[in-house]
Amino acid sequence: PGWRVSLAQVTRDAPFSVFDQTRRHSVVVAGGALLLQRNEHTLAMRPHRLCSYTGEVPWHCQLQGEPATVFNVMVEPSIAAVDILTGPHLRLAGLA
């Protein structure tokens, strides 16, 4: 449909799924940090911080401590757009 939302449990180092023509937006909502790597590119996914990245790359995920729960929003930029609020914004909106 041009977008997808998921809640993923990351319990071990493993490759991330590839989603062609997709922009991924992820937030670690519980547990430890994750490190995404692809060749010379590295992305740190820290708890409660938004991380946006391409879904077209076969990222390899490494746990940086305890297992993590990750909230994911994936969109095809040509079809949909997304705004994700984290941290103090949620408290201001009365959602936290």
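In case you missed it, the structure is sitting above this.
Rules behind the numbers
Along each chain, residue indices are assigned from 1 in the same order as the chain's sequence is written. Residue-level local features of this predicted model are given only where pLDDT is at least 70; pairs of side-chain atoms are given and counted only at 80 or more, and the full residue set underlies all totals for whole chains, interfaces and linings. In computing side-chain properties, one takes all heavy atoms of the structure into account and sets aside hydrogens as well as water. Where helices and strands are cited, they refer to DSSP runs of H or I of at least four residues and of E of at least two residues respectively, numbered from the N terminus. Buried, partly exposed and exposed residues are distinguished by accessible area as a fraction of the type maximum, computed with a 1.4 Å probe on protein chains only: under 20%, between the cut-offs, and over 50%, respectively. Pairs of N or O atoms within 3.5 Å make up the polar contacts considered here, provided that, within protein, one atom can donate a hydrogen while the other can accept it, and that residues adjacent in sequence are counted only when both atoms are side-chain atoms. Here a residue-residue contact requires only that any non-hydrogen atoms of the pair lie within 4.5 Å. To form a nonpolar core, buried Ala, Val, Leu, Ile, Met, Phe, Trp, Tyr and Cys residues must be joined to one another through side-chain atoms within 4.5 Å. A pair of strands counts as paired when DSSP detects no fewer than two bridges linking them. Throughout, the protein atoms alone are placed on a 1 Å grid, and a set of points is a cavity if a 1.4 Å probe fits but cannot get out or a pocket if it is open with protein on both sides within 12 Å along at least five of seven lines; lining residues have an atom within 4 Å of a point. Grid points are joined across faces, edges and corners, and a volume is the space filled by probe spheres set on the points. All residues other than Ala, Val, Leu, Ile, Met, Phe, Trp, Tyr, Cys, Pro, Asp, Glu, Lys and Arg, Gly among them, are scored as polar; the first ten of these are nonpolar and the last four charged.

S.K.: What is the right way to read the side chain of Ser26 from this model?
M.R.: Residue position: Ser26 is located in strand S3 (residues 23-31). Residue Ser26 is classed as buried on the basis of its relative accessible area, which comes to 0%. There is a polar contact of 2.8 Å between the side chain of Ser26 and the side chain of Tyr53.

S.K.: Honestly, the environment of Val5 in this entry has me stumped. Any pointers?
M.R.: Considering the arrangement of structural elements, one finds Val5 in strand S1 (residues 3-10). Since its relative accessible area comes to 45%, Val5 is described here as partly exposed. In this structure, the C-alpha to C-alpha distance between Val5 and Arg24, residues 19 residues apart in sequence, is 9.8 Å. With residues near it in sequence (within four places) discarded, Val5 still touches Phe71, Asn72 and Val73.

S.K.: Which parts of the structure should I look at to understand the nonpolar core?
M.R.: Across soluble globular proteins, nonpolar side chains show a tendency to be buried alongside one another. Membership of the largest hydrophobic core comes to 13 residues, with the highest contact counts inside it found for Leu34, Leu36, Met45, Tyr53 and Val70. When residues of this core are traced back to their parent elements, those giving at least two are strand S4 (34-38), strand S6 (50-54), strand S7 (60-63) and strand S8 (68-75). For Leu34, the contacting residues outside a window of four places in its chain are Val10, Val28, Leu43, Ala44, Met45, Cys61, Gln62, Leu63, Gln64, Ala68 and Val70.

S.K.: What's the story with the sheet that holds strand S2 (residues 14-15) in this structure? I'm lost.
M.R.: Strand pairing in a sheet is mediated by backbone hydrogen bonds. Such pairs are either parallel or antiparallel. With antiparallel pairing, the 4 strands of this open sheet are ordered in space as S2-S7-S4-S5. Two strands lie at the open edges of the sheet, namely S2 and strand S5 (41-45), each paired on one side alone.

S.K.: Just to check I follow, could you spell out the layout of surface pockets for this structure?
M.R.: It is the rolling of a water-molecule-sized probe over the atoms that shows where space remains empty. As a volume, the largest pocket reaches approximately 250 Å³. Around the largest pocket, the lining comprises 17 residues; the ones closest to its centre are Ala8, Val10, Phe16, Ser17 and Arg24. Those elements giving two or more residues to the lining of the largest pocket turn out to be S1, S2 and S8. Among the elements that make up the lining of the largest pocket, the one with the highest residue count is S1 (5 residues). Residues of the lining of the largest pocket, tallied by class, amount to 9 nonpolar, 5 polar and 3 charged.

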